[in-house]
Every structure is written in structure tokens, then in C-alpha cells.
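Coordinate inspection notes
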Amino acid sequence: TRGFTTELTTLLTNPGGMGGSGFTCSSVVKGDWKHPQHHEWDMGALGVTGGNGDGFGISNMVVFNKKIYLTMYTTPTTLKDTVFVFAQSADPALPPTYLGSVDNDAVSSVGPNSIAIGSTTNKVYAYLASPSSFARGQLQVVDVTSGINPTVVKTFKLPTTAVPSVGTPYTVFYYKGYVYMGLSKITGGGFEFNIIDVGGGSGSPLNPIWKGGFKTNAAVNQLFVRNNYAYLATAGSENMTILDISNPASPVRVGGFTPPNAPESNGVGSNHGETIMSVGSTIFLGRTYGTNEFYILNGATPATPTVLGSVDTGSGNKRSIYGLAVRDTLAFFITDSQFQVWDISNPASVKPYSADGTTASFLALSALNGTGTALDCENNYFYLAVASNQGSPKDMLSVLTPGL
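Let us look at the structure shown here. The shown structure was predicted, so the numbers you read here are calculated from the model rather than taken from an experiment. (Residues numbered from 1 in each chain as written. Predicted model: local features only at pLDDT ≥ 70, side-chain atom pairs only at ≥ 80, totals over all residues. Heavy atoms only, no water.)

Attention now goes to the pattern of salt bridges. Inspection of the entire model under this criterion finds six salt bridges. Residues Lys-394 and Asp-42 are paired through a salt bridge, measuring 3.7 Å at the closest nitrogen-oxygen approach. A residue pair is termed long-range when its members are at least 10 positions apart, and Lys-394 in the loop between strand 29 (381-388) and strand 30 (396-403) and Asp-42 in strand 2 (residues 32-42) qualify at 352 residues. Each of the two residues, Lys-394 as well as Asp-42, counts as buried. For Glu-192, the salt bridge identified is with Lys-215, shortest N-O distance 3.6 Å. Linking Glu-192 in the loop between strand 12 (178-183) and strand 13 (193-197) with Lys-215 in the loop between strand 14 (209-214) and strand 15 (220-226), this pair joins segments that are 23 residues apart in sequence. (Salt bridge = Lys/Arg side-chain N within 4 Å of Asp/Glu carboxyl O. Helix = DSSP H or I, 4+ residues; strand = E, 2+ residues; numbered from the N terminus. Buried < 20%, exposed > 50% of the residue type's maximum accessible area, 1.4 Å probe, protein only.)

Here Asn-65, not a glycine, exhibits a phi torsion of approximately 50°, which is positive. Here Asn-65 is to be found in the loop between strand 3 (57-64) and strand 4 (67-74). A positive phi angle, near 75°, is found at Glu-264, a position not held by glycine. According to the relative accessible area criterion, Glu-264 is partly exposed, its value standing at 38%.

Let us look at the sheet that holds strand 12. Taking strand neighbours across the sheet as the criterion, the four strands line up as 11-12-13-14 in an open arrangement whose pairing is antiparallel. Of all the strands in the sheet, the pair left with one neighbour each is strand 11 (169-175) and strand 14. If you compare each strand with its neighbour and ignore which way they point, the axes differ by 20° on average. (Pairing = 2+ DSSP bridges. Axes fitted to C-alpha atoms, helices over the stretch in contact; angles between N-to-C directions.)

In C-alpha cells, the structure reads:
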């Protein structure tokens with residue numbers, strides 16, 4: 001009756017697998033995510049101002065190596081900084097520590113729309129999708145190595161041959177020395193998708209070099225890059241476009257996905273690609289409100305991605321997916337009203353991973369005093385930017401942990 005074999009198994013992850021892109025979410029799910037706990041602070045409670053968080057509107061957020069980076073679309077007249085850095089607290093119930101901040105553009109009151117973090121051997125840079133000035137540039141580079149004194153070190157303008165007229169930068173992604181930027185639809189021609197060399201070739205963070213672009217004929221709401229492919233969530237009928245970027249100077253469309261319901265069929269702004277990511281050959285697409293806002297696609301053959309499963313995230317209140325992360329067999333995302341967790345172990349039958357197995361028991365963002373605008377995770381915690389219902393605006397940072 002004595003056992004003669006012992007088997008040891010380990011889940012291996014590659015810390016450099018995302019090319020220093022700042023994606024530090026653990027693939028291992030721990031704890032009870034059917035009963036998430038949450039803690040919120042406005043900017044005043046985070047030590048930015050003298051206890052008053054009025055006037056701050058958060059546009060985007062990213063978490064990287066125990067630091068939290070927030071960008072603002074609006075700030076109070078007394079403090080016009082638009083990029084903020086915080087150190088995580090060892091206890092998620094305690095507020096993060098304010099390290100420093102900087103105004104991305106002293107000439108303009110418009111803050112960044114999106115932020116990506118890229119690390120090099122001895123530096124950490126924040127790359128901003130900045131709509132503050134078409135004339136001065138759409139990409140801004142901020143040295144955030146220490147976090148204490150963030151400094152804008154470069155403002156870069158996309159060449160007018162690529163973007164001849166105003167295209168608002170919506171999203172930015174960093175991967176292996178390149179910045180990938182998505183813009184709003186450009187009237188009169190131009191590239192809504194652009195590739196910028198900041199260290200992958202002959203460029204650098206202080207000397208970015210535009211390499212190439214692609215015209216999507218629709219706004220690029222979010223993008224995700226892995227290996228030789230860029231996955232674009234767009235506002236066109238083709239909600240997802242797949243580009244071969246192995247030659248940065250000449251991105252080539254290799255495939256895409258058009259859901260059965262056209263954009264706007266559920267009202268203006270409906271049925272667009274909104275958020276996207278991939279794990280291996282599986283692509284996860286979040287959409288704006290309409291029919292089946294969440295799709296799981298097999299992208300093993302990029303030219304012909306196939307649907308593995310889909311689900312409607314809930315009826316009413318325009319349940320768009322504004323933030324998306326996949327960990328193991330669970331998909332986490334925020335809609336305008338809930339933090340949702342779904343069991344995707346069987347893509348053909350996606351089910352709510354909640355206290356009672358229904359969407360009704362997902363964490364209501366009203367409990368966080370607002371609605372979700374951005375989501376990121378590091379290790380086993382989730383971080384949300386919350387558009388506060390307290391007005392002013394008075395947006396907040398929320399930290400979510402699994403239930404006890």
C-alpha cells in the first residue's frame with residue numbers, strides 16, 4: 001500500500017513576458033473573489049491636497065512594481081498636475097502614499113487620456129497619450145523612476161504625413177521598446193494606429209522615432225500587443241482588428257472580428273470594441289453596451305479568429321466593459337455600474353462567479369460612491385479608478401481584495 005511516486009507541479013510565469021509593459025497581474029487566483037472587499041480614497045485622503053479631493057477627474061490608471069500611476073483629465077485650479085505617483089501600502093486597507101506629481105503640459109489644461117509604463121535597465125518611464133496639443137505632440141514621456149519627482153522629458157509629435165489632421169490620442173501600450181498608440185477616427189485620412197520606437201530599434205525614450213501606422217477608419221479605443229501581433233478594439237463594425245507588426249514600418253492587417261450586431265444598433269455608441277487582451281492564442285474582447293458585450297475568441301489562426309463563447313453582461317444602464325483582466329479561469333471587468341467576475345473555464349458556457357451565481361450579486365460600484373472608469377491589477381489585488389457621484393468631480397482610487 002506504500003506510494004512509489006511523487007509528482008510536483010508548478011505554474012510557471014515569465015516575468016519578462018510582457019516586454020516590460022507594466023503588466024504585473026498574477027495569473028494565480030487566490031482568495032474568495034465571489035465576495036470582494038474594497039477600500040476607497042479621494043485625492044485629498046491620498047495626501048495630494050489638504051484633505052480636500054474636489055476637482056480631480058481620473059482618466060486612466062496603471063499599477064507597476066508596487067507603484068500606482070494616475071492621470072487626470074481635469075484638476076483643481078490650485079493644483080494643475082495631471083500625472084500622480086503613489087506607493088502601494090503593505091496593508092490594502094490603508095491608503096497608498098503620495099510620492100509626487102507633474103503637469104504634463106503647462107500650456108494646456110487638458111490632461112492625458114491614457115498611460116503605459118515601460119521599464120528599461122535603470123529607468124522607468126510613463127508614456128502618455130496626450131490630447132493637449134496637436135501642434136506640440138501626441139506622445140509625452142515622463143521619467144517616473146523614483147516616483148518622487150516625475151519629470152516630462154519628451155513631447156513627441158506624430159509626423160503630419162501619418163496624421164495630417166487632429167486625431168485625439170485615446171490609448172497607448174508599451175511592449176519591448178515600442179509604444180503603440182491608438183487615436184480617434186481621423187477625418188480626411190491618416191493612421192489611427194501608430195508605432196513609435198522608444199528603444200526597440202534605434203530610438204530611445206528621449207528620442208522617439210515614428211516607424212509606421214495603419215488606417216483603421218475608426219477610433220482605436222484600446223489595444224494590446226503580444227509577440228508579433230497587435231489586437232485593436234475599434235469603434236467600427238469590425239470591433240477587433242489584428243495586425244501583423246513584425247515589421248514596425250509596415251503593419252499589415254491579417255484578420256478581424258465583426259460581431260453579428262452592427263455598431264449603433266442599440267443606440268449611439270453601442271456595440272463598439274472597447275477593451276481587449278490576449279492570453280496565449282485566446283483573445284478576450286469587451287464591448288460597449290448592446291448584445292453580448294463579452295466575447296472569447298480563438299486567435300490561433302489570426303486570419304480567421306473564431307468565437308469560443310460570449311455573454312451579455314447585463315441589461316439596462318448601458319453595461320459597457322470599461323476595464324478587463326483575465327486570470328486563470330476567471331475574467332474580471334468593470335461596467336458602468338458593477339465589478340464583475342465571470343467563470344470562463346468553459347468558454348461555451350460563461351457563468352457569473354458571484355455569491356449567488358447571478359449578475360445581481362456582483363459588487364455594485366455605487367458601494368464605491370461612483371462608477372468605474374479604469375481597471376488594473378498587480379499580484380492578487382485589483383485597482384479601480386472611480387468616477388465619483390459626489391460631483392465636483394471628486395474621483396477616487398479603489399483597492400479590491402478577495403473576501404476573507
